[in-house]
Amino acid sequence: MLADTFAKSKTVFCDYELDAYSFSEQNKDWEALNDLPTLLKILVVTISAKPLPGLHPLSIPPIVYIVWCALSIAIGVAASSLGLRDSGISLLLVPCGWVLTLHGTRLLRLTLQHAAAHNSVLKHSWANTLLGEVSSIVTISTDFRSYKRAHMHTHHNLQKLMTPGDETYSFWTQDLRLNPGATLRELQRSVITSLVSPFYHSRRFSHRVVACFASSSLHHNVWSCLFWGSILFLIVHAGYLRFFLVSWLIPISVLFECCSVLRQLVEHRCPTLEDPRMTAAIYLTDTPPPVAVESSCWKIFVSWGYWWLKLFTVHFLSRLLVLPGDSPNHPKHHNDPGAKDWRNHIYARSERYDYPENFGLSSAILDSLQSWEQSGDSRSVNVQSAG
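Residues numbered from 1 in each chain as written. Predicted model: local features only at pLDDT ≥ 70, side-chain atom pairs only at ≥ 80, totals over all residues. Heavy atoms only, no water.

Asker: Looking at this structure, how should I read the overall build of the chain?
Answerer: In terms of regular secondary structure, the chain is built from 16 helices and 2 strands. Summarising the internal contacts of the chain: among those between residues at least 6 apart in sequence, 75% fall at separations of at least 24. Carbon together with sulfur atoms contributes 66% to the accessible area of the chain, which is approximately 18600 Å² in total. (Helix = DSSP H or I, 4+ residues; strand = E, 2+ residues; numbered from the N terminus. Contact = heavy atoms within 4.5 Å. Areas by Shrake-Rupley, 256 points an atom, 1.4 Å probe, with all protein chains shown as cover.)

Pasting the structure below:
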């Protein structure tokens, strides 16, 4: 497993040991946040997904996540539709509604459906399967059983992870069309082109539609057609088609795929001879301003003000839309795929030298692209030792 990386990659350890001092200093600055009020500490940990030693996990039952997904989607669609209907200043409700709709669908697809594939949401296997099927139909994606089979048999196989046939590797090479060994500039250009290309979004969404309505499961296809056929009939009959296209189709297609690109880029890394580890922790925050550095009150105020502003804007949106749920601590999941405490993975403290850690979404993207650049044609790297 991933926790065996250190034992199997001793040459890598020497490189990481050089960073031990700076890492301990970062931890010291971070743990200074324990002096904050409890509510602020909960907000910081929830947004950043970086634990604080003085804060214990929140015992939130899975049903709360399910209800929240439904409410987020419903309120988001309603807000966007209301903004379109009233126009004027009310148009500001449209992007706000998009955020809620996108968050609900991302949490449903990325967190709940993923956990259901590991039978980790509800008590009974049939209930997890039902939840997964509902998620796949609502988010217009491949049938749950096919997703679960591929995810369990390939993505969680150490010999196949980040190799041809793995879902993440296929996304990188086939959807984003990234080539191992390409320069960082070329990789960045390919990613940006995909994000803004109407051809990319049309291709991705059409593949999802086919996977949803023409999958290998007749049962799934029938229910998908019945559900979306009924929705479209009611919408067209009521004359709300324009509202539907803007409030639902835009966030579930273009915006959803943009977030998927960013998420796929950071959850895994390409193993190289120098660093065979294939996943990394992502903290959606900047490192706090150093507590040990003597500065003027003005500089301290500005540095902390900027830190809090970025946390509640850039990092907050990244947490809502790109990496909801337990996604930031993906190494924890690969260490223990069937863990029932996926809701509390963000509270799990990482073991040093187990896997890399990146502060901020842009830093995590850069780390992954650099690993892809450095991999070159070294696909002969011993994947088993990368665990």
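Structure shown, so let's carry the discussion forward.
Asker: What is the right way to look at unusual backbone geometry in this model?
Answerer: Unlike most non-glycine residues, A49 shows phi in positive territory, near 65°. Looking at the secondary structure, you find A49 in the loop between α4 (38-48) and α5 (62-86). A positive phi angle, close to 60°, is found at R177, a residue other than glycine. One can find R177 in the loop between α9 (167-175) and α10 (184-196). The exposure class assigned to R177 is exposed, which follows from its relative accessible area of 53%. (Buried < 20%, exposed > 50% of the residue type's maximum accessible area, 1.4 Å probe, protein only.)

Asker: Just to check I follow, could you spell out the packing of aromatic side chains for this structure?
Answerer: Aromatic ring pairs: the centre-centre distance and the angle between the two ring planes describe each pair. Scanning the entire structure with this criterion turns up 14 aromatic pairs. Judged by centre distance (5.7 Å) and plane angle (50°), the rings of Y169 and W372 are tilted. Here Y169, found in helix α9, pairs with W372, found in helix α16 (residues 361-375); they are 203 residues apart in sequence, far enough to count as distant. What makes Y169 buried here is its relative accessible area of 10%. Connected via pairs of aromatic rings, a cluster forms that spans W30, W304, W307, W308 and F312. One Lys or Arg, R106, reaches over the ring of F256 and ends 5.1 Å from the middle of that ring. For R109, the ring lying beneath its charged end belongs to Y147, and the centroid distance is 4.7 Å. (Phe/Tyr/Trp six-rings, centres within 6.5 Å; stacked < 30°, edge-to-face > 60°. Lys NZ or Arg CZ within 6 Å of the ring centre and 35° of its normal.)

Asker: Would you take a moment to explain the packing of α4 against helix α14 (residues 297-322) for this structure?
Answerer: The description of two helices packed together rests on the angle between their axes and the distance between the axes. In contact at an axis separation of 9 Å, α4 and α14 are set at 45° when each is read in the N-to-C sense. Between α4 and α14, the angle is such that the two are oblique. Note on element contacts: α14 touches α4 through W307, W308, L311, F312, H315, F316 and R319, opposite L40, L43, V44, T46 and I47. (Axes fitted to C-alpha atoms, helices over the stretch in contact; angles between N-to-C directions. Parallel < 35°, antiparallel > 145°, perpendicular 65-115°, else oblique.)

Asker: Would you mind showing me how to read the environment of Q113 here?
Answerer: Examined against the element boundaries, Q113 turns out to sit in helix α6 (residues 93-117). On a C-alpha basis, the gap between Q113 and F144 in space is 8.0 Å, while along the polypeptide they are 31 residues apart. Beyond its immediate stretch of four places on either side in the chain, Q113 contacts L108, G132, S135, S136, T139, S141, F144 and Y147.

Asker: Can you walk me through the packing of α6 against helix α13 (residues 241-267) in this structure?
Answerer: Between α6 and α13, the least distance of the axes is 9 Å, while the angle of their chain directions is 55°. Considering the angle they form, α6 stands oblique to α13. In this structure, α6 crosses over α13, and the sense of that crossing is right-handed. Within the contact between the two elements, α6 uses V94, W98, T101, L102, T105, R106, R109 and L110 and α13 uses V246, S247, W248, I250, P251, I252, L255, F256, C259, S260, R263 and E267. Of the residues in the contact of α6 with α13, the class split is 12 nonpolar, 4 polar and 4 charged. (Left-handed = near helix turned anticlockwise from the far one by under 90°. Nonpolar A, V, L, I, M, F, W, Y, C, P; charged D, E, K, R; others polar.)

Asker: Help me understand the confidence of the model for the chain in this model?
Answerer: Should the pLDDT be low somewhere, the predicted coordinates at that spot are not to be read in detail. Overall, the predicted model of the chain reaches an average pLDDT of 83, with 85% of residues at or above 70. Across residues 1-22, where pLDDT falls below 50, the model places 35 contacts with residues more than four positions away in sequence or in other chains. Note that residues 377-387 has pLDDT below 50 and, in this model, 26 contacts with residues that lie over four places away or in other chains. (pLDDT = per-residue confidence, 0-100.)

Asker: Please clarify how the nonpolar core should be interpreted in this entry.
Answerer: Most often, soluble globular proteins keep nonpolar side chains buried together rather than apart. Of all hydrophobic cores here, the largest spans 56 residues; its most connected members are L112, L178, L265, V266, L361, L369 and W372. For V266, the residues in contact, after removing those within four places along its chain, are I282, L323, L361, A364, I365 and S368. (Core = buried A, V, L, I, M, F, W, Y, C linked by side-chain atoms within 4.5 Å.)

Asker: Would you take a moment to explain the side chain of R269 for this structure?
Answerer: Of note, R269 is situated in the loop between α13 and β1 (281-283). Here R269 falls in the buried class, since its relative accessible area comes to 6%. A distance of 2.8 Å separates the side chain of R269 from the side chain of D367, its partner in a polar contact. Discounting chain neighbours no more than four positions away, the residues touching R269 are M162, D275, R277, M278, T279, A280, P356, D367, S368 and S371. (Polar contact = N/O pair within 3.5 Å; in protein donor to acceptor, adjacent residues only side chain to side chain.)

Asker: I would appreciate a short explanation of the pattern of salt bridges in the present structure.
Answerer: Here the idea is simple: oppositely charged side chains can pair when their charged atoms come close. One pass over the structure, following the stated rule, counts 8 salt bridges. Residue R208 pairs with E257 through a salt bridge whose shortest N-O separation is 2.8 Å. Taken together, the positions of R208 in helix α11 (residues 198-213) and E257 in helix α13 put the pair 49 residues apart, joining distant regions of the chain. On the accessibility criterion, R208 (8% relative accessible area) is buried. By relative accessible area, which is 1% here, E257 ends up buried. (Salt bridge = Lys/Arg side-chain N within 4 Å of Asp/Glu carboxyl O.)

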